[in-house]
Amino acid sequence: MSAWINLSLLGRGKNFRHSERILTALRQELKQRNFDHLVFSGDATALGFGEEMRRAAELLGVGEGPPGLAVPGNHDYCTRAAMRSGHFEHYFAPWQSGERIGEEVYPFAQRVGPVWLVAVNSSSANRLYWDARGRVGAAQLARLEKLLAGLESGPRILVTHYPIWLAEGRRERAFHGLRDLDDLVSVAQRGGVVLWLHGHRHEPYYHPGSERTPFPVICAGSVTHCGRWSYNDYTLTGSHLRAVPRIFVEEQGSFRDGCTFELDLPI
Ligand SMILES: [Fe+2]
């Protein structure tokens, strides 16, 4: 059995005005619920500034609580300067240990009980402020293929920022999606990925495996977006995944259970 959580946060504008309060409540959750592992699927900040990143990592307790895995979101690489600064990789370094190919940070894999969590960076800086597209890139895709092929046995769960599908089953609109999504899905499929965890979209949802999606896909939503604040608590038993959304209740200043969903992974 393996249990972990998946969350995404962002500090942008009035939609995120309660971020510090929610993250303080989240820290309490992390202490009380005894998770084996944390999964952070990107957008820790609005603009990727060093001070924003430091505060986000501090509020999440990076390096202090359970082990974790983190990938950046497009907001964390909001500009080329933010991407090249390495702020995300510096402040989230404790959640980026693992097996990797050569010296490049991404991709990397962490063993959690019987499974491998595989982190892929799908975010990249864009020149125009309204351009929210991501890219994995040919070099990282080649390393991912090699990494997946070389890991010891165990189901592979891919963690990245961008979705495959939107909640209603469409692809992301132009300028909000992943440029090389089809290539990443192909490499994941060849490498035995059984589940895709992502962020980017602020509403939580999931898709079971189907002809259109070779493995289930789960969007963590946003833990700090006003009125949508939630994260997922997962328990994996064999090939059976049970997910309990934990939803923030503003009046109580704490989280409650949402509607549980269950998936069978193609293991
Ligand atoms: Fe995003």
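S.K.: What is the right way to read the overall build of the chain from this model?
M.R.: The helix and strand inventory of the chain stands at six helices and 14 strands. The globule rule puts the C-alpha radius of gyration for 267 residues at 18 Å, and the 17 Å found for the chain is close to it. For the C-alpha atoms alone, the extent of the chain along its principal axes is close to 45 × 45 × 35 Å. Here the analysis covers contacts within the chain between residues at least 6 apart in sequence; of these, 71% occur between residues at least 24 apart.

S.K.: Even after reading the chapter, I still don't get the nonpolar core, so can you show me in this structure?
M.R.: A general trend in soluble globular proteins is that nonpolar side chains are found buried together. Leu117, Val118, Ala119, Val120, Ile157, Val159 and Trp196 are the most contacted members of the largest nonpolar core, which has 63 residues in total. Once residues lying within four places of it in the same chain are set aside, the contact partners of Ile157 are Val115, Trp116, Leu117, Val118, Val194, Leu195 and Leu197.

S.K.: What exactly am I supposed to notice about the sheet that holds strand β4 (residues 99-100) here?
M.R.: The mixed open sheet is built from seven strands, whose spatial order is β4-β5-β6-β7-β8-β10-β9. Unpaired on one side and paired on the other, β4 and β9 (205-207) mark the two borders of the sheet. One ladder, built from four bridges, connects strand β6 (residues 115-119) with strand β7 (residues 156-159); its direction is parallel. Its bridge partner being in β7, Ala119 is matched across the sheet by Val159.

S.K.: Whenever I open this one, the pairing of β6 confuses me. Can you help?
M.R.: Note on strand geometry: in a regular strand, side chains alternate between the two faces of the sheet. Counting buried positions over the five residues of β6 gives five, a clear majority of the element. One ladder, built from five bridges, connects strand β5 (residues 108-112) with β6; its direction is antiparallel. Within the sheet, the bridge partner assigned to Arg111 lies in β6 and is Trp116. Linking β5 to β6, which pair antiparallel, is a turn of two residues; within it Gly113 sits at a positive phi near 60 degrees. Read from β6 through helix α5 (residues 138-150) to β7, the crossover connection turns out right-handed.

S.K.: Explanation requested: the environment of Glu20 in the structure shown.
M.R.: Relative to the elements of secondary structure, Glu20 occurs in helix α1 (residues 19-32). Along the chain, Glu20 and Arg55 lie 35 residues apart, while their C-alpha atoms are 9.6 Å from each other.

S.K.: Mind showing me how you'd approach the environment of Arg111 here?
M.R.: Positionally, Arg111 belongs in strand β5. Spatially, the C-alpha atoms of Arg111 and Gly154 are 8.8 Å apart, while their sequence positions differ by 43 residues.

S.K.: Can you walk me through α1 in this structure?
M.R.: For an α-helix, the turn length of 3.6 residues means that residues three or four places apart are oriented alike. A rise of 1.5 Å per residue sets the reference length of α1, with its 14 residues, at 20 Å; its end C-alpha atoms lie 20 Å apart and thus fit the reference within 8%. Restricting attention to buried positions, one finds in α1 the residues Ser19, Ile22, Leu23 and Leu26. For α1, the angular spread of buried residues about the axis comes to 95 degrees, placing them on one side. When the buried face of α1 is taken as reference, the exposed residues oriented beyond 90 degrees from it are Thr24, Gln28 and Gln32.

Quick notes on the rules
Residues numbered from 1 in each chain as written. Predicted model: local features only at pLDDT ≥ 70, side-chain atom pairs only at ≥ 80, totals over all residues. Helix = DSSP H or I, 4+ residues; strand = E, 2+ residues; numbered from the N terminus. Rg over C-alpha atoms; globule rule 2.2 N^0.38 Å. Contact = placed C-beta atoms within 7 Å. Core = buried A, V, L, I, M, F, W, Y, C linked by C-beta atoms within 7 Å. Buried ≥ 20, exposed ≤ 12 C-beta atoms within 10 Å, placed from the backbone. Pairing = 2+ DSSP bridges. Right-handed = clockwise from strand over helix to strand, strands pointing away. Expected span 1.5 Å × (residues − 1). Arc of directions from axis to C-beta.

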